[in-house]
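# Analysis of the macromolecular model
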Amino acid sequence: AFTTAVTLFAIALTYRVTSFIYKEMESEISASELFAPTLLAPCVLNALTGFDYGQREHYYCLFSLPYLLLRWYRYKDKTNATPPRVLAILIGLMLGVTLSFKPYFFLPPVMLELYWQLRYRRPRLLLSPECYAASLPVLAYLAHFALLPKSVTELFFHYIAPLLVHGYACFNTVKDVVVQLIYAWAIGCYFIALALASFVVRKDLRAPLLILLSTALAMVELQSKFWTYHFIPLYLYIAFTFILTLVTVTKKWSVFFRTGLITMLTSLFCICSYIFHSSVQDHWLTPWEKSLAVWSKPEDKVMLIDSSDTPWFKSALLYNLIPGSRYLWLFAIPMLEFEIKNAKSEKAEKKKKEQL
């Protein structure tokens, strides 16, 4: 319920900023060209996220879209029409909160900002309300470390953070995510979207879309991981590009027919995605639940040691159980074993064995 409420809030912000842009640029851009991708792409994303609904990447995407739309307008604007200050602050604050989730999330907006500055040479736009607002949650997050007990900061910076940075790839079987065949369709769609963004969509959106698509893929690569939720930003910009392309190639069709076609195709895709994820949920193997039904009682502490990444919290909620370990899925164990296996020296290997 919370994630759905946040999703609706993000879409409301997107709709509000899109409405403002269309009002000010009506002579330059058609309603379908603006509203179709900005409002339908998040719907496609919500359907695609499936098991990853509510992940950090999901929130980030939903709130990065209205921010990037607003920044695009700032640089394109020739009338000096000012977006509502409260709207700009809200959009900036929400982006700032989601930027604080992962340092990788800075990549798309920063690269876009650099591109727009190089193209338009308007440094004063960096002092816009949404930029100030976006910086506040990030600065507050950094400042809060000074208020934490010393033992907590030491644990975070000297144990947890290094463990994740060095051991995050422990579940990988192939180092480079691009060659993971399971994501061949996503990479294929990425290259198709690159081609469409280069030649089909309107010129002033080509470079921004190419930057967004490529930085989204770069975030997957930089994290050295092949989990599906890392692809969520890429899914959003692929969906945005595909819908914008559909609007562009049907520009000469009647409004009724093209609106019906785009809505039908989007709805069909979302329905198929929901059916697929629902079918997987129904057949998810949870063999430990038979044992829990026999042996556990409410509020028992239970520790799941499993080779898959099946969501354990569902079983915990079903039987009212408490985690028996502070490590969810015991991630620390395979990460430390990974570091031991790849240790560069005997001293490093000994240290990790002691931690294990």
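On a predicted model such as this, the values are computed, not experimentally measured, just so you know. (Residues numbered from 1 in each chain as written. Predicted model: local features only at pLDDT ≥ 70, side-chain atom pairs only at ≥ 80, totals over all residues. Heavy atoms only, no water.)

## Observations concerning the side chain of Thr7
- Summarising the element assignment, Thr7 is placed in helix α1 (residues 2-24).
- On the accessibility criterion, Thr7 (4% relative accessible area) is buried.
- For Thr7, the side chain forms a polar contact with the main-chain oxygen of Thr3, separated by 2.8 Å. (Helix = DSSP H or I, 4+ residues; strand = E, 2+ residues; numbered from the N terminus. Buried < 20%, exposed > 50% of the residue type's maximum accessible area, 1.4 Å probe, protein only. Polar contact = N/O pair within 3.5 Å; in protein donor to acceptor, adjacent residues only side chain to side chain.)

## Examining a nonpolar patch on the surface
- On the surface, Leu139, Tyr141, Leu142, Phe156 and Phe157 cluster together into a nonpolar patch covering about 480 Å² of accessible area.
- Elements that contribute at least two residues to the nonpolar patch include exactly α6 (129-144) and α7 (150-167).
- Here the nonpolar patch gets three residues from one element, more than from any other, and that element is α6.
- Here Leu142 lies in helix α6. (Patch = residues over 30% accessible without salt bridge, like charges linked within 9 Å, V, L, I, M, F, W, Y side chains within 5 Å. Areas by Shrake-Rupley, 256 points an atom, 1.4 Å probe, with all protein chains shown as cover. Salt bridge = Lys/Arg side-chain N within 4 Å of Asp/Glu carboxyl O.)

## Some points on empty space enclosed by the protein
- Enumeration according to the criterion identifies three cavities of 30 Å³ or more in this entry.
- Looking at the largest cavity, the residues that line it are Leu65, Leu68, Leu69, Trp72, Leu112, Trp116, Leu205, Pro208, Leu209, Leu212, Tyr237 and Phe240.
- Within the residue set of the lining of the largest cavity, elements represented by two or more residues are α3 (56-76), α5 (107-120), α9 (203-222) and α10 (232-249). (1 Å grid on protein atoms, 1.4 Å probe; cavity = no way out; pocket = protein on both sides within 12 Å on 5 of 7 lines; lining within 4 Å. Points joined across faces, edges and corners; volume = space filled by probe spheres on them.)

## Thoughts on unusual backbone geometry
- At Glu299, a residue that is not glycine, the phi angle is positive and equals roughly 70°.
- Secondary-structure assignment places Glu299 in the loop between α12 (288-295) and β1 (301-302).
- By relative accessible area, which is 56% here, Glu299 ends up exposed.

## Things to note about the packing of aromatic side chains
- Going through the model one piece at a time under the given rule, you end up with 15 aromatic pairs.
- When the centroid spacing of 5.7 Å and the interplanar angle of 20° are considered together, the rings of Trp185 and Tyr235 count as stacked. Pair noted here: Trp185 is in helix α8 (residues 184-199) and Tyr235 is in helix α10, with a separation of 50 residues, a long-range link.
- Residue classification places Trp185 among the partly exposed positions, given a relative accessible area of 45%.
- On the basis of relative accessible area, Tyr235 is assigned to the buried category, the value being 8%. (Phe/Tyr/Trp six-rings, centres within 6.5 Å; stacked < 30°, edge-to-face > 60°.)

## Focus on helix α4 (residues 85-99)
- Taking 1.5 Å of rise per residue, the 15 residues of α4 would be expected to cover 21 Å, and the 21 Å separating its terminal C-alpha atoms lies within 8% of that figure.
- For α4, the full list of buried residues reads Leu87, Ala88, Ile91, Gly92, Leu95, Gly96, Thr98 and Leu99. Buried residues of α4 fall within an arc of 165° about the axis and therefore sit on the same side. Exposed residues pointing more than 90 degrees away from the buried face of α4 are listed as Arg85 and Val86.
- Buried residues along α4 sit in contact with α1, α3, α5 and α6. (Expected span 1.5 Å × (residues − 1). Arc of directions from axis to C-beta. Contact = heavy atoms within 4.5 Å.)

## Quick look at the nonpolar core
- Membership of the largest hydrophobic core comes to 83 residues, with the highest contact counts inside it found for Ile21, Leu213, Phe231 and Leu234.
- Looking at this core, the element that brings in the most residues is α3, giving 13 residues.
- Beyond its immediate chain neighbours, meaning those up to four positions away, Leu234 contacts Tyr190, Leu213, Ala216 and Leu217.
- Among the nonpolar cores identified, the runner-up in size contains seven residues, and Trp288, Leu304, Ala316 and Leu321 belong to it. (Core = buried A, V, L, I, M, F, W, Y, C linked by side-chain atoms within 4.5 Å.)

## As for the packing of α3 against α9
- Following both chains from N to C, one finds α3 and α9 inclined at 150°, their axes separated by 12 Å at the closest point. By the angle class used here, α3 and α9 are roughly antiparallel. With respect to the hand of their crossing, α3 and α9 are arranged in right-handed fashion. Counting all contacts with α3, which are made through Tyr60, Leu68, Trp72 and Lys76, the residues of α9 involved are Asp204, Leu205, Leu212 and Met219.
- Class assignment of the residues belonging to the contact of α3 with α9 gives a composition of six nonpolar, no polar and two charged. (Axes fitted to C-alpha atoms, helices over the stretch in contact; angles between N-to-C directions. Parallel < 35°, antiparallel > 145°, perpendicular 65-115°, else oblique. Left-handed = near helix turned anticlockwise from the far one by under 90°. Nonpolar A, V, L, I, M, F, W, Y, C, P; charged D, E, K, R; others polar.)

## Some remarks on the packing of α1 against helix α2 (residues 31-49)
- Two elements in contact, α1 and α2, have axes whose closest approach is 10 Å; the angle formed by their N-to-C orientations is 170°. Here α2 runs roughly antiparallel to α1, going by the angle between their axes. For the pair α1 and α2, contact is made by Thr7, Ile11, Thr14, Tyr15, Thr18, Ser19, Ile21 and Tyr22 and by Ala31, Leu34, Phe35, Thr38, Leu39, Pro42 and Asn46, respectively.
- For the contact of α1 with α2, the residue count by class is nine nonpolar, six polar and no charged.

Just geometry here; none of it tells us what the structure is for.
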